[in-house]
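Architecture and fold: a report
Residue strings, one per chain:
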Amino acid sequence: EEALRIAADALDVYGRRFGPYPYGEFDLVETLVSVGGYEFAGMVFIEQRLREGASLSQLRFIVAHEVAHQWWYALVGSDPVTEPWLDEALATYSTAVYLEDVLGLAASRGLLAYFAAEGGRPNGSAPGIDVSALRYGSWVAYRGPVYYRGALFFDALRREMGDDAFFGMLQHYTLAHRFGFATTRDLAVTAEQYAGRPLDDLYRLWFGTSEPGE
């Protein structure tokens, strides 16, 4: 019941922030998967262990993250091998947006601080966040840049653009690629259009280039 409440709240938040939920039904299914959750169009799997022994905050994160994939995967497709960050980082940052709207800014900031502590901050030796999944040799190596650093990029982009431009950009991005396929370059170009200026410095910091996706 708690997971269903989280899912309903997340669907409401994302519908307002990103655009309407694209399907007439949504199914939340408890299963024996061992990775927290899986996304499918119109349905997500949630690991049984989360109900049996995890904290409420863990359950909340997984459910909100998997629900976000209804936008970033099911509605806006992308390549999960060559550009895994594009849907996973957006889904991860969406959980912070969900927390902000449902539990308040402090809860959202707390989650982002956790991402930063777990290796999400950019540094000069780290690869850009848009590299292929084949470059990573383990889940731990993959999780930091793809999920956490990618989510923090979207937070930095939001602060750079301002809320109106940032969420307007995401709504346009969603409509432009509805039931289609998007790339890192598509996102980067759209962000600059809505920012009304080049974002070279921001892109160099997070991607290592002023033209990510090229």
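Below, the structure is looked at part by part. (Residues numbered from 1 in each chain as written. Predicted model: local features only at pLDDT ≥ 70, side-chain atom pairs only at ≥ 80, totals over all residues. Heavy atoms only, no water.)

**Section: the pattern of salt bridges**
As enumerated under the stated definition, the model contains 15 salt bridges in all. For Asp 101, the salt bridge goes to Arg 16, with nearest N and O atoms at 3.7 Å. Of this pair, Asp 101 sits in helix 4 (residues 85-102) while Arg 16 sits in helix 1 (residues 2-18), placing them 85 residues apart in sequence. The partner of Arg 17 in a salt bridge is Asp 101, and the shortest N-O contact between them spans 2.8 Å. (Salt bridge = Lys/Arg side-chain N within 4 Å of Asp/Glu carboxyl O. Helix = DSSP H or I, 4+ residues; strand = E, 2+ residues; numbered from the N terminus.)

**What to know about the packing of aromatic side chains**
In total, this model carries 27 aromatic pairs according to the counting rule given. Measuring from centroid to centroid gives 5.7 Å for Tyr 14 and Trp 71, while their planes differ by 80 degrees, and the two rings are edge-to-face. Here Tyr 14 is found in helix 1, whereas its partner Trp 71 is found in the loop between helix 3 (56-68) and strand 4 (76-77), with 57 residues between them in sequence. Judged by relative accessible area, Tyr 14 falls into the buried class, the value being 0%. Residue class for Trp 71 comes out buried when judged on its relative accessible area of 0%. Arranged with centres 6.1 Å apart and planes meeting at 85 degrees, the rings of Tyr 21 and Phe 26 form a pair that is edge-to-face. On the accessibility criterion, Phe 26 (19% relative accessible area) is buried. The ring of Phe 167 carries Arg 17 above its face, with NZ or CZ at 4.2 Å from the centroid. (Phe/Tyr/Trp six-rings, centres within 6.5 Å; stacked < 30°, edge-to-face > 60°. Buried < 20%, exposed > 50% of the residue type's maximum accessible area, 1.4 Å probe, protein only. Lys NZ or Arg CZ within 6 Å of the ring centre and 35° of its normal.)

**Notes on helix 5 (residues 105-120)**
The end-to-end C-alpha distance of helix 5, which contains 16 residues, comes to just 19 Å, noticeably less than the 22 Å that a straight helix rising 1.5 Å per residue would cover. Listed in full, the buried residues belonging to helix 5 are Ser 108, Leu 111, Leu 112, Phe 115, Ala 116 and Gly 120. Buried residues of helix 5, seen end-on, are gathered within an arc of 145 degrees and therefore sit on one face of the element. Residues of helix 5 that are exposed and angled more than 90 degrees away from the buried face: Ala 106 and Ala 117. In the core, the buried residues of helix 5 are packed alongside helix 3, helix 4, helix 6 (139-161) and helix 9 (200-207). (Expected span 1.5 Å × (residues − 1). Arc of directions from axis to C-beta. Contact = heavy atoms within 4.5 Å.)

**Describing the nonpolar core**
When a protein is soluble and globular, its nonpolar side chains tend to lie buried together. Core analysis: the biggest nonpolar cluster contains 66 residues, and Tyr 14, Trp 72, Trp 85, Phe 153, Phe 154, Leu 157 and Phe 166 have the highest contact counts within it. Broken down by element, the residue count for this core peaks at 11 residues, all from helix 6. Once residues within four sequence positions are removed from consideration, Phe 166 is found in contact with Tyr 93, Phe 154, Leu 157, Arg 158 and Met 161. (Core = buried A, V, L, I, M, F, W, Y, C linked by side-chain atoms within 4.5 Å.)

**Some remarks on helix 7 (residues 163-176)**
The end-to-end C-alpha distance of helix 7 is 20 Å, a good match for the 20 Å that 14 residues give at a rise of 1.5 Å each. Along helix 7, the positions that sit buried rather than exposed are Ala 165, Phe 166, Phe 167, Gly 168, Met 169, Leu 170, Tyr 173 and Thr 174. Where the residues of helix 7 are buried, they touch helix 1, strand 4, helix 4, helix 6 and helix 8 (184-195).

**Examining the pairing of strand 3 (residues 43-47)**
Direction of pairing for strand 1 (residues 27-31) relative to strand 3: parallel, over a ladder of five bridges. Bridging across to strand 3, Leu 28 finds its partner in Val 44. Taken together, the four bridges between strand 2 (residues 37-40) and strand 3 define a ladder with antiparallel strand orientation. Within strand 3, the residue paired with Glu 39 across the bridge is Val 44. Taking the residues between adjacent antiparallel strands as the criterion, strand 2 and strand 3 are bridged by two residues, where Gly 42 takes a positive phi near 85 degrees. (Pairing = 2+ DSSP bridges.)

**Focus on the side chain of Glu 83**
Its place among the elements puts Glu 83 in the loop between strand 4 and helix 4. Despite its burial, Glu 83 pairs with no opposite charge, the nearest such side chain being Arg 185 at 9.5 Å. Looking at Glu 83, its side chain comes within polar contact range of the side chain of Thr 184, at 2.8 Å. (Lys, Arg positive; Asp, Glu negative; His and termini not counted. Polar contact = N/O pair within 3.5 Å; in protein donor to acceptor, adjacent residues only side chain to side chain.)

**Here we look at a nonpolar patch on the surface**
Taken together, the side chains of Val 35, Tyr 38, Phe 40 and Tyr 73 define a hydrophobic patch exposed on the protein surface, amounting to about 360 Å² of accessible area. With respect to the secondary-structure elements, Tyr 73 resides in the loop between helix 3 and strand 4. (Patch = residues over 30% accessible without salt bridge, like charges linked within 9 Å, V, L, I, M, F, W, Y side chains within 5 Å. Areas by Shrake-Rupley, 256 points an atom, 1.4 Å probe, with all protein chains shown as cover.)

**Things to note about the packing of helix 8 against helix 9**
The contact between helix 8 and helix 9 brings their axes to 11 Å, and the two run at 150 degrees. Relative to helix 9, the element helix 8 is oriented roughly antiparallel. In the packing of helix 8 onto helix 9, the handedness of the crossing is right-handed. Contacts between helix 8 and helix 9 pair Thr 184, Ala 188, Ala 191 and Glu 192 from the former with Asp 200, Tyr 203 and Phe 207 from the latter. Residue composition of the contact of helix 8 with helix 9, grouped by class: four nonpolar, one polar and two charged. (Axes fitted to C-alpha atoms, helices over the stretch in contact; angles between N-to-C directions. Parallel < 35°, antiparallel > 145°, perpendicular 65-115°, else oblique. Left-handed = near helix turned anticlockwise from the far one by under 90°. Nonpolar A, V, L, I, M, F, W, Y, C, P; charged D, E, K, R; others polar.)

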